[in-house]
Structures are given as C-alpha cells and as structure tokens.
2 protein chains.
Amino acid sequence: MKKPLILVTNDDGITARGIKALIEVAQQLGDVIVVAPDSPRSGQGHAITLEIPLRLHKVDLFEGIEAYECSGTPVDCVKLAKNVLLKDRLPDLCVSGINHGSNASINIIYSGTMSAAMEASVEGVPSIGFSFLNYSHQADFSACKPFVKALMKNTLEKGMEQANLINVNIPNLPVEQIKGFRVCRAAEARWVEEFAEAQDPRGQKYYWLTGRFVNEDTKDDTDIWALEHGYISIVPAMHDLTNFPAIPKFKYLESLVADSSAMVG
Amino acid sequence: MKKPLILVTNDDGITARGIKALIEVAQQLGDVIVVAPDSPRSGQGHAITLEIPLRLHKVDLFEGIEAYECSGTPVDCVKLAKNVLLKDRLPDLCVSGINHGSNASINIIYSGTMSAAMEASVEGVPSIGFSFLNYSHQADFSACKPFVKALMKNTLEKGMEQANLINVNIPNLPVEQIKGFRVCRAAEARWVEEFAEAQDPRGQKYYWLTGRFVNEDTKDDTDIWALEHGYISIVPAMHDLTNFPAIPKFKYLESLVADSSAMVG
C-alpha cells in the first residue's frame, strides 16, 4: 500500500520545537515533506509575498525527512510546496504547527499557522492546524503527541468530506490531565490592545503592539470553554467569509442609486 | 449635529489614487482621519506586526484632512488608529480602499484592504472595503465615486445592525454603464498558480508568484456573476471562521482517544 503524503508547515519557523514534534508524529504515519518559514512568522495571517522574490532552500534538519526553508510567509510555503515541489501530487494531509501559543477564538484570523492550513484546504487537502497553549520557545510538546497522532491517523483513514479544515488547540497540561477532544465553535472573544510607546536610540518615536485577551463568551460550546476545562478544542473552520444569514438583510441596498453629488471636488 | 467620524485606510499605500478618491467622498460626509501604509501592502491578509516596532508619521497630503502614514500592515493601521490616535472615540464608519484590483471571491482572504475593514468591524465599527476592477496605478476612480458615496451615506444613516462588514467590488466600466448594486455571496473560485523561477544577479535561484483566476461557480448569486454583468457586488462578510454546519459532523471526533505509540521516537 502506498504511504500517505503529509505536508508539514508552521509559522514559528523551521527551527521551532513545535514543528519538530509534528514531524516526529507525521513520519510514523506516512511520507513527510516539510516546507516552513526560515524565521518566525507569527501573526502573518493569510499574507502572501507579491512584491519581492521568494527563496526556497533544502535543509538537513530532520533525519530522513525532505525539508525546505522558505523566505516567505506560511501561506507562501504551502503555495511553493504545491506548485514547485509536489507538482503532480496533492498531499493526503496538511498539518501546520504545533504553534507555540493559542490560536483559539479570534486568534485564527491573525494566525499564520491556521492560514497555512487554510491555504492547503482551499486546494482540497484535509488540513489541521495544531496549537499548544504554551508560548515558550522551550515548550515541551510531548503531551501533545498522542493526541496529535490520534487526530492525524483518523483524518488519514476517514478523510474530511464535509469540511476540510480544523483548528485544534491543546491545553498546557500533562498528558494524563487532558480530558480528550471537544468539537466546538470559536468563542466570540477579542483583544483589548494598547501600543507601548517609546523612543529608539536616535530619539524617534515608535509603537509596539501589546494587549490582553478578553473573553465574555462564557457558554460551554466554545473553544475557550473547552481549553479552560482541560479539553483539546477542535473548531471546524472554513475560508468562505460570506455572511450568508446577512444576505437577505442587505438586499435593500440593491435599490440604492448613485449619488451624483460625489463628482464635485 | 455632530458630524460622523470616518476612518479611511487601504493597502495600496497612502499615495495611491484609490485612497484619494475615497477621502474625497468621505470628506463630503463627515470628519475624516486617514491612517494608511507608507508603501504598497497588497496581499498582506490579516497580518499584524509583532517582531518589530511600528512608525506612525503625520503627513500633509490631503488638504484639511488629518492623515498618517504607518510602517506596518493595513491591520496595524486600524489598530494604531483605534488605540493611539482616536483613544476615546470609535469611528462611525471605516472605509478601506479603493483597492486597485478585485477583492471578489476568494481574494478576500489575501486582501489587506478587506482585512483592515474586518479589523475595524471586529471592534463593532460598520466597515466597508471598496475595490475597483482596474489594476493600474493610473486608474481613474471617478466612476466609483457616486456609488461609493451612496453606500457610505446609507451606512452612516442606517448603520449595519445585522452584520458590520461588507466587501464591495466595482466593475471597470463608465459610470453610465454600471447597472447598480447587487447583494451576493462570494463565488467559489480559486487561483491556479505557478511560480516564475529565475536566477538573481549572483546566480541564486528565486521564485515569484504568478497565476490566473479560475471561476467555475457560474450561478447568478455570486459576486463574480454580478461584476461580469455590470453590477457592483456587495458581499456581507464576517470574521468568525467557524464552519457551523460542520460541527455536528465532526462530533464523532470526541470519542477518539490518545495514541500512546506517538511517544516513541
């Protein structure tokens, strides 16, 4: 039997601990190809590189594994994997991560990890983004691995007919304290942000983003609830941003006419 | 009566023609503040800047208008506007664009224009992303202005209770040939991509993204259909990526158990 082909990527960069853990699990399940950014690319969302050329270099970081580092974004990595490296073959599964830190709730829209997985899902590849609620570069991912393997194995066996993208977040707990999986919606939480304001060595002002995550969506069907109660959250996600229930409510806009006074000035 | 406050941003950069057209319309309707990238930031999606500090400089580009250029992404611009510049006051409306080129269909997920509008909508601000199907830096936006004004005026008067983000694309036609507005869903189209492969002056290989847009979703309720038939498309959009219909279908994953064989290797 032909082994499945698994594309592994991330947004923390190819030297991050999280991708190493993911590769170690993936190689137990199939043939693995790794294409990941050559430096940390957190918060890149669905950015793609249009204005400058991209570099792609083969690296010898993981024993027996074909791996490439890319100068672009996580989404660029997936596009290069598909179009340059794999050409005639779609992966059977794309896994992204394991991210150092949460991509639950609204974090998904900023997440390079999830955007890379989404990019593969747009091409019809069953795709999973994994994140671990531990922000340390030194994080120990061993508690994640048995759960990551169970989900990857299941996805390879059963596929993802109904939707081909899931956002998986893993609580920062010892393996024996993790209660299992919970399928949920993204909590309607948000960031309350500030910018740290300071001066550079030349006396010029700069701003640096900081903030705290606030969740007032306390129902028990959300990813935040699941994580706070010791579960791994699984949120089925999608790339179509159309707000379908809103379409009939906006239909009245079709009766608007052009405002010719706009031509003045 | 207090004039409404309108935040204007874009992804083509503060010197683009499209933002100038948008500002000219906005200043007919309210007090305007402009915060836009200091260089083109197309394809930035929902990227935010985390690893480096941001610069924000007041510029004197638009007569009588408070305007700032920012070193970051379109989403950074909106965050800086909200947190640093406006502090105690939310805008009554955020408009982003007018983008040089289409953000219809799947382009929304890559679009800095739409991500900036989405960022404002997350904060509860009624937000509109405008795009014009003309990719030229020299594009003439005059045909857009009467329609842009009608939509902005309506939004300021009626608000957007049911959803607070719309994606508006304008066909590249003379004003008298534009048939009006059509409220629709995003077409399920996609990019078929390739990378141009070449060598830099030092003989090192590089890749540059190229591609063509392919739409096989030919129903008459999509944005692509509307644009091809002379209408301005309006797609109500949202930031919650949860695939709600898929939740029950994935519930069976809750019975999966950890695969302890993953601890080996």
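So, how was this worked out
Residues numbered from 1 in each chain as written. Chains lettered and ligands numbered in written order. Predicted model: local features only at pLDDT ≥ 70, side-chain atom pairs only at ≥ 80, totals over all residues. Helix = DSSP H or I, 4+ residues; strand = E, 2+ residues; numbered from the N terminus. Rg over C-alpha atoms; globule rule 2.2 N^0.38 Å. Buried ≥ 20, exposed ≤ 12 C-beta atoms within 10 Å, placed from the backbone. Contact = placed C-beta atoms within 7 Å. Least-squares fit on C-alpha atoms with pLDDT ≥ 70 in both. Axes fitted to C-alpha atoms, helices over the stretch in contact; angles between N-to-C directions. Parallel < 35°, antiparallel > 145°, perpendicular 65-115°, else oblique. Left-handed = near helix turned anticlockwise from the far one by under 90°. Nonpolar A, V, L, I, M, F, W, Y, C, P; charged D, E, K, R; others polar. Core = buried A, V, L, I, M, F, W, Y, C linked by C-beta atoms within 7 Å. Pairing = 2+ DSSP bridges. pLDDT = per-residue confidence, 0-100. Right-handed = clockwise from strand over helix to strand, strands pointing away.

Our focus in this paragraph is the overall build of chain A. Counting its secondary structure elements, chain A contains six helices and eleven strands. Rg of the C-alpha trace for chain A: 20 Å, near the compact-globule value of 18 Å for 265 residues, within the 12% margin. Along the longest, intermediate and shortest principal axes, the C-alpha atoms of chain A span 70 × 45 × 45 Å. Considering chain A as a whole, with its 265 residues, one finds that 54% of them fall into the buried category. Taking all contacts inside chain A whose residues are at least 6 apart in sequence as the whole, residues at least 24 apart take part in 78%.

Turning next to the relation of the copies chain B and chain A. Aligned on chain A, chain B shows an RMSD of 0.0 Å; the corresponding rotation is 180° and the shift along the axis is 0.0 Å. Seen this way, the second copy is the image of the first under a two-fold rotation axis.

Looking now at the interface of chain B and chain A. Across the boundary between the two partners, chain B contributes 82 residues, which contact 82 residues of chain A. At nine residues, helix α4 (residues 145-158) of chain B tops the list of elements feeding residues into the side of chain B that touches chain A.

What follows concerns the packing of helix α2 (residues 74-86) of chain A against helix α3 (residues 112-122) of chain A. All names here are of chain A. At their nearest, the axes of α2 and α3 sit 8 Å apart, and the two run at 30° to each other. Judged by the angle between their axes, α2 and α3 are roughly parallel. In this structure, α2 crosses over α3, and the sense of that crossing is right-handed. Residues P74, V75, C77, V78 and K79 of α2 pack against G112, T113, S115, A116, E119 and A120 of α3. Split by residue class, the contact of α2 with α3 holds six nonpolar, three polar and two charged.

In terms of nonpolar packing, the biggest core is built from 162 residues, with L22 of chain A together with L22 of chain B touching the most fellow members. Beyond its immediate sequence surroundings of up to four residues, L22 of chain A is in contact with V8, V95, G97, I98, F130 and V148 of chain A.

Further remarks concern the pairing of strand β5 (residues 93-100) of chain B. Residues and elements named next belong to chain B. In terms of burial, β5 is a largely internal element, eight of the eight residues being buried. The pairing of strand β1 (residues 5-9) with β5 spans four bridges and is parallel. Note on β5: the bridge partner recorded for I6 is L93. As paired strands, β5 and strand β6 (residues 127-132) are joined by five bridges and run parallel to one another. Opposite C94, over in β6, you have S127 as the bridge partner.

All names here are of chain A. Note on placement: C77 falls in helix α2. Residue class for C77 comes out buried when judged on the 33 C-beta atoms lying within 10 Å of it. Each C-alpha atom of the pair C77 and N164 lies 19 Å from the other, and the pair is 87 residues apart in sequence. Beyond its immediate stretch of four places on either side in the chain, C77 contacts T9, V35, A36, P37, C70, G72 and A116.

The next point concerns the sheet that holds strand β2 (residues 31-37) of chain A. Residue and element names in this part refer to chain A. If you walk across this open sheet you meet the nine strands as β3-β4-β2-β1-β5-β6-β7-β11-β8, and the pairing is mixed. The sheet is open, and its two borders are formed by β3 (56-59) and β8 (180-183), each paired with just one other strand. Strand-to-strand, the axes of this sheet are offset by a mean angle of 25°, without reference to chain direction. Strands in contact with α3 are β1 (5-9), β5 (93-100), β6 (127-132) and β7 (165-170); relative to β6, the strand with the most contacts, it is inclined by about 170°.

The next point concerns the packing of helix α1 (residues 17-26) of chain B against α4 of chain B. All names here are of chain B. Put simply, α1 and α4 touch, their axes get as near as 10 Å, and they point 50° apart. By the angle class used here, α1 and α4 are oblique. Of the two possible hands of crossing, α1 and α4 adopt the one that is right-handed. Every residue of α4 that contacts α1 at A21, L22, V25 and A26 is listed here: K145, V148, K149 and M152.

This next bit is on the confidence of the model for chain A. With 99% of its residues at a pLDDT of at least 70, chain A reaches an overall mean of 95. Here the prediction assigns the complex a pTM of 0.95, and the interface score ipTM is 0.94.

Hydrogen bonds between backbone atoms are what pair the strands of a sheet, whose relative direction is either parallel or antiparallel. Residues and elements named next belong to chain B. Spatially, nine strands are ordered β3-β4-β2-β1-β5-β6-β7-β11-β8 in an open sheet, and the strand pairing comes out mixed. Edge positions in the sheet fall to β3 (56-59) and β8 (180-183), since each of these pairs with one other strand and no more. Taking the axes of each pair of neighbouring strands and ignoring which way they run, one obtains an average angle of 25° across the sheet. The sheet contact formed by β3 and strand β4 (residues 66-70) spans four bridges and is antiparallel. Bridged to H57 within β4 is E69. Against the sheet, helix α2 (residues 74-86) engages β1, β2 (31-37), β3, β4 and β5, with an angle of about 135° to β2. α4 contacts β5, β6, β7 (165-170) and β11 (231-236) of the sheet and is inclined by roughly 165° relative to β5.

What follows is about the pairing of β2 of chain B. All names here are of chain B. Within β2, six of the seven residues are buried, which leaves it mostly tucked inside the rest of the structure. Where β1 lies against β2, four bridges are found, and the strand directions are parallel. Along β2, the bridge assignment pairs V8 with V34. For the crossover that starts at β1, traverses α1 and ends in the parallel β2, the hand is right-handed.

The next point concerns unusual backbone geometry. Residue and element names in this part refer to chain A. The omega torsion across G97 and I98 is -15°, close enough to zero to call that bond cis. For I98, the location among the structural elements is in strand β5. With a phi close to 55°, S105 is a non-glycine residue in the positive phi region. Here S105 shows up in the loop between β5 and α3. The exposure class assigned to S105 is buried, which follows from the 27 C-beta atoms found within 10 Å.

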